[in-house]
Amino acid sequence: MKVKRKIEVETDKYRVGDIISFKLTDGEKIRARAVKQQADGMLFCCVDCLAAEYPMNKNGSNEGGYVASDLRKWVNAEILDKFPQKIREHMQPMECGDLLRIPTEKEIFGVNKYGVSDNTEQWPCMKKRRNRIALQSDNGDLIWYWLRDVASASYFCSVNEHGYAGARNAGYSRGVRPVFLLS
């Protein structure tokens, strides 16, 4: 049974599958699912994408991968700044050192069809295609969203509106489904 919890619940009480709800400082409503228990806390992934769409890189390149991307900068500045203080005070840096990131192709699909293999595993909830599908938070439309793996010369991995793997030009604007670690 999936339990919806308000963020006021102590963070050590979360279980994989739990969904928390909160509002960003601009009023946007967010729901995030607990996807993986880690030694230093619970990893959450937003159920749907943020209202705003972003390109991976304004210039359309994938040079430097996600680490050097414009999207990573926006995620850890503009988007992070919108997270309420009651969430931010429990956020922990992830393996990349960031407080927010986007998912990998393997975390969503369990394999790398387009990207380069990494050491992550598929989150159990993502075995269901419905959980790979994301809506845009402001209008409820099905939306493509970015993954952090490079797919080819100017493409990054993505998830299409039907929950299947894809790859898109880094200059296209797509959805963002933030991932964060709470302890």
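Residues numbered from 1 in each chain as written. Predicted model: local features only at pLDDT ≥ 70, side-chain atom pairs only at ≥ 80, totals over all residues. Heavy atoms only, no water.

Caption draft 1: Just the overall build of the protein chain, in detail. Within the protein chain, the regular secondary structure consists of 4 helices and 13 strands. Taking the intrachain contacts of the protein chain between residues at least 6 apart in sequence as the baseline, contacts between residues at least 24 apart amount to 57%. (Helix = DSSP H or I, 4+ residues; strand = E, 2+ residues; numbered from the N terminus. Contact = heavy atoms within 4.5 Å.)

Caption draft 2: Main features of the pattern of salt bridges. Following the criterion strictly, the structure yields 6 salt bridges and no others. The shortest N-O distance in the salt bridge between Glu 95 and Arg 148 comes to 3.4 Å. Residue Glu 95 is located in the loop between strand 6 (91-92) and helix 3 (105-109), and its partner Arg 148 is located in strand 9 (residues 145-150); the two are separated by 53 residues in the primary sequence. For Arg 148, a relative accessible area of 18% gives the class buried. Note that Arg 101 and Glu 107 form a salt bridge whose closest N and O atoms lie 2.7 Å from each other. Comparing Arg 101 with Glu 107 shows no difference in burial state: the two are buried. Among the charged side chains, a network of salt bridges with common partners joins Glu 95, Arg 101, Glu 107 and Arg 148. (Salt bridge = Lys/Arg side-chain N within 4 Å of Asp/Glu carboxyl O. Buried < 20%, exposed > 50% of the residue type's maximum accessible area, 1.4 Å probe, protein only.)

Caption draft 3: Inspection of the state of the cysteines at higher detail. Taken as a whole, this structure holds 0 disulfides when the rule is applied. Counting only cysteine sulfurs, Cys 45 is the nearest neighbor of Cys 49, a cysteine outside any disulfide, at a range of 8.6 Å. The class for Cys 49 is buried, based on a relative accessible area of 1%. In this model Cys 96 remains outside any disulfide bridge; the closest cysteine sulfur is found in Cys 45, 14 Å from its own. (Disulfide = S-S within 2.5 Å.)

Caption draft 4: View of the nonpolar core. Counting residues in each nonpolar core, the largest one holds 30 residues, and the members touching the most others are Phe 44, Leu 71, Phe 83 and Phe 180. Residue contacts for Phe 83: discarding those within four places in its chain leaves Phe 22, Leu 24, Thr 25, Arg 88, Met 91, Leu 100 and Phe 180. Residues Cys 125, Tyr 145, Cys 157 and Val 179 belong to the second largest nonpolar core, which totals 19 residues. (Core = buried A, V, L, I, M, F, W, Y, C linked by side-chain atoms within 4.5 Å.)

Caption draft 5: Spotlight on the packing of aromatic side chains. Applying the stated criterion across every chain yields a total of 7 aromatic pairs. Where Phe 22 meets Phe 180, the ring centres are 6.2 Å apart and the plane angle is 75°; that geometry is what we call edge-to-face. Placement of the pair is Phe 22 in strand 2 (residues 19-23) and Phe 180 in strand 13 (residues 179-182), with a sequence separation of 158 residues. Each member of the pair Phe 22 and Phe 180 is classed as buried. (Phe/Tyr/Trp six-rings, centres within 6.5 Å; stacked < 30°, edge-to-face > 60°.)

Caption draft 6: Highlighting the confidence of the model for the protein chain. The predicted model of the protein chain averages 92 in pLDDT, with 93% of residues at 70 or higher. Counted against residues more than four places away or in other chains, residues 5-9, with its pLDDT under 50, gives 16 contacts. (pLDDT = per-residue confidence, 0-100.)

Caption draft 7: Local environment of the environment of Lys 113. Locating Lys 113 in the fold gives a position in the loop between helix 3 and helix 4 (129-132). Through-space distance from the C-alpha of Lys 113 to that of Gly 166 is 8.5 Å; in sequence the pair is 53 residues apart. Residue contacts for Lys 113: discarding those within four places in its chain leaves Glu 105 and Ala 165.

Caption draft 8: Inspection of the pairing of strand 9 at higher detail. Burial runs high along strand 9: 5 of the 6 residues are buried. Sheet topology places strand 9 next to strand 10 (residues 155-159); 3 bridges connect them, and they run antiparallel. Looking across to strand 10, one finds that Val 150 is bridged to Phe 156. The hairpin formed by strand 9 and strand 10 contains 4 residues between the paired strands. (Pairing = 2+ DSSP bridges.)

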